[in-house]
Amino acid sequence: MENKIFIAQITQRLDLLCAEQFQISRSKASNIIKTKFCIINGKATNKPSLLVNEGDKIEFPFTVEPVALEIQSENIPLNIIYEDTDIIVINKQTGMVVHPAAGNESGTLVNALMYHSKNLSGINGELRPGIVHRLDKDTSGILMVAKNDTAHVQLAEQIQNRSIQKYYIAVCLGHFKEDNGIIIKPIARSKKDRKKMSVDENGRYAETHWFKLAETSKVTLLLIKIITGRTHQIRVHLSSVSRPIVGDVIYNTNNAQGRLLLHAYRLEFTHPIQNTPIKLIADIPEDFYQYANKFGLHKNDIQIAINEYFQKEK
């Protein structure tokens, strides 16, 4: 028996993570964990329901072969912000799935990366080469990819100790009285719908900082900094205070149909090999501006508001 090592990319139950990682059933993953134990960050556990954090190192006692899912490289254009021998940083478009899975075997970011680069980290397996962290399908913006295992492990450690700074731009429905605020509410997978997350007192700690940049009669432009990286964190937190993101039909069924107005804008981290500070920005795409314009937020106003915020932060 050989332990297979991978890094958790989202906060989720251990059995669900292992099932997804190795393309086996949840019950099979659960039975393996109960009888063979898993090792999480060096500590053994036999609890399938254990909540694992993004960035945690998991050693799974691999006893079955995964369902075959052949991943093909595809000549899909990538918006590359930065690249060197160790990492690639992408500005992902909205609507693109990050890695292949059942129902999404092609057209993903991984398919495009495999065509672009022959060197990708293998830590998270054949289905997720190089993928250090994820963005929702409908969220656009900045995303890191590791070209080798050493870089991958180091970046995962930065995620785990929360030293990576992640900033998002969002447009939400409604207004805030204050100019800034913090939302601290635990998040767990919804008991009513397993595809959704929800605020749950028994969930994982989640912290979101928001800053008002501009507003119109119907919406507010926000800069958001996440301290934790829970699945759907920004969407769940803003919806929980009755300020859902425009275009988010998952957490507000009455929301307008259109692209999700959430964009991963800026990333600050330490280069995993060179140990130098890096600050990168993913330009906001035109379809974001076009949809925001329907709510009275114009492109120039958005750009000016963002620039003013970061000028103040210097």
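Just above sits the structure.
Residues numbered from 1 in each chain as written. Predicted model: local features only at pLDDT ≥ 70, side-chain atom pairs only at ≥ 80, totals over all residues. Heavy atoms only, no water.

**Q** How should I be thinking about the side chain of R259 in this particular structure?
**A** With respect to the helices, strands and loops of the structure, R259 is situated in the loop between α5 (233-240) and β16 (262-270). Of the polar contacts made by the side chain of R259, one reaches the side chain of S140; its length is 3.0 Å. A polar contact is formed between the side chain of R259 and the backbone oxygen of L262, at a distance of 3.3 Å. Here R259 is in contact with T94, D138, S140, V246, G247, P285, D287, F288 and Y291, once residues within four sequence places are set aside. (Helix = DSSP H or I, 4+ residues; strand = E, 2+ residues; numbered from the N terminus. Polar contact = N/O pair within 3.5 Å; in protein donor to acceptor, adjacent residues only side chain to side chain. Contact = heavy atoms within 4.5 Å.)

**Q** How should the pairing of strand β8 (residues 87-92) be read in this particular structure?
**A** The side chains of a regular strand alternate between both faces of the sheet. Summarising burial for β8: six of the six residues are buried, a large majority. Both faces of β8 are covered, namely the face carrying I87, V89 and N91 and the face carrying I88, I90 and K92. For strand β7 (residues 80-83) and β8, the ladder comprises three bridges, and the chain directions are antiparallel. By the bridge assignment for β8, E83 is matched with I88. Connecting β7 to the antiparallel partner β8 that follows it, the hairpin turn spans three residues. By the bridge criterion, six bridges tie β8 to strand β9 (residues 140-146) in an arrangement that is antiparallel. Each residue of the ladder has a partner; that of I87, found in β9, is A146. (Buried < 20%, exposed > 50% of the residue type's maximum accessible area, 1.4 Å probe, protein only. Pairing = 2+ DSSP bridges.)

**Q** Would you explain unusual backbone geometry in this entry?
**A** The general pattern is negative phi for most residues beyond glycine and trans for most peptide bonds. Phi angles above zero are rare outside glycine, and H232 is one such case at about 60°. Secondary-structure assignment places H232 in the loop between β15 (219-226) and α5. Non-glycine residue N275 carries a positive phi angle of around 60°. Exposure remark for N275: the relative accessible area of 61% places this residue in the exposed category.

**Q** It is not clear to me how the nonpolar core should be interpreted in this structure. Could you clarify?
**A** For soluble globular proteins, the rule of thumb is that nonpolar side chains tend to be buried together. Of all hydrophobic cores here, the largest spans 65 residues; its most connected members are I169, I224, L238 and F269. Excluding residues within four positions of it along the chain, I169 makes contact with L213, L221, L222, L223, L261, L262, H263, Y265, I284, F288 and I306. Counting residues in hydrophobic clusters, the runner-up holds 17 residues, among them I10, C18, A19 and I40. (Core = buried A, V, L, I, M, F, W, Y, C linked by side-chain atoms within 4.5 Å.)

**Q** Explanation requested: the pattern of salt bridges in the structure shown.
**A** Oppositely charged side chains can form a pair if their charged atoms are brought close together. Applying the stated criterion to the full structure yields 12 salt bridges. As a salt-bridge pair, K191 and D200 come within 2.5 Å of each other at their nearest N and O atoms. A residue is classified by how much of its surface remains accessible, and K191, at 67% relative accessible area, is exposed. For D200, a relative accessible area of 11% gives the class buried. D287 serves as the salt-bridge partner of R259, at 3.0 Å between the closest nitrogen and oxygen. Taken as a pair, R259 in the loop between α5 and β16 and D287 in helix α6 (residues 286-293) lie far apart in primary sequence, 28 residues in all. The class for R259 is buried, based on a relative accessible area of 13%. Salt bridges sharing partners connect three or more residues here, namely R13, D15 and R26. (Salt bridge = Lys/Arg side-chain N within 4 Å of Asp/Glu carboxyl O.)

**Q** Help me out: how do you make sense of the packing of helix α1 (residues 14-22) against helix α2 (residues 26-36) in this one?
**A** Each pair of packed helices can be summarised by the angle the axes make with each other and by the distance between the axes. Where α1 meets α2, the axes come as close as 8 Å, and the angle between the chain directions of the two elements is 115°. As α1 packs across α2, the resulting crossing turns out to be right-handed. Contacts from L14, D15, L16, C18 and A19 of α1 reach α2 at R26, A29, S30 and I33. Among the residues forming the contact of α1 with α2, the class breakdown is six nonpolar, one polar and two charged. (Axes fitted to C-alpha atoms, helices over the stretch in contact; angles between N-to-C directions. Left-handed = near helix turned anticlockwise from the far one by under 90°. Nonpolar A, V, L, I, M, F, W, Y, C, P; charged D, E, K, R; others polar.)

**Q** Teacher, can you tell me more about α1 here?
**A** Count 3.6 residues to each turn of an α-helix, and residues three or four apart come out pointing the same way. Burial within α1 is extensive, with eight of its nine residues counted as buried. Residues of α1 that are buried include every one of L14, D15, L16, L17, C18, A19, Q21 and F22, and no others. Q23 sits one or two residues past α1 and shows a positive phi near 55°.

**Q** Please clarify how α5 should be interpreted in this entry.
**A** Counting buried residues along α5, six of its eight residues qualify, which places the element largely inside the surrounding structure. Those residues of α5 that fall on the buried side of the exposure criterion are Q233, I234, R235, V236, H237 and L238.

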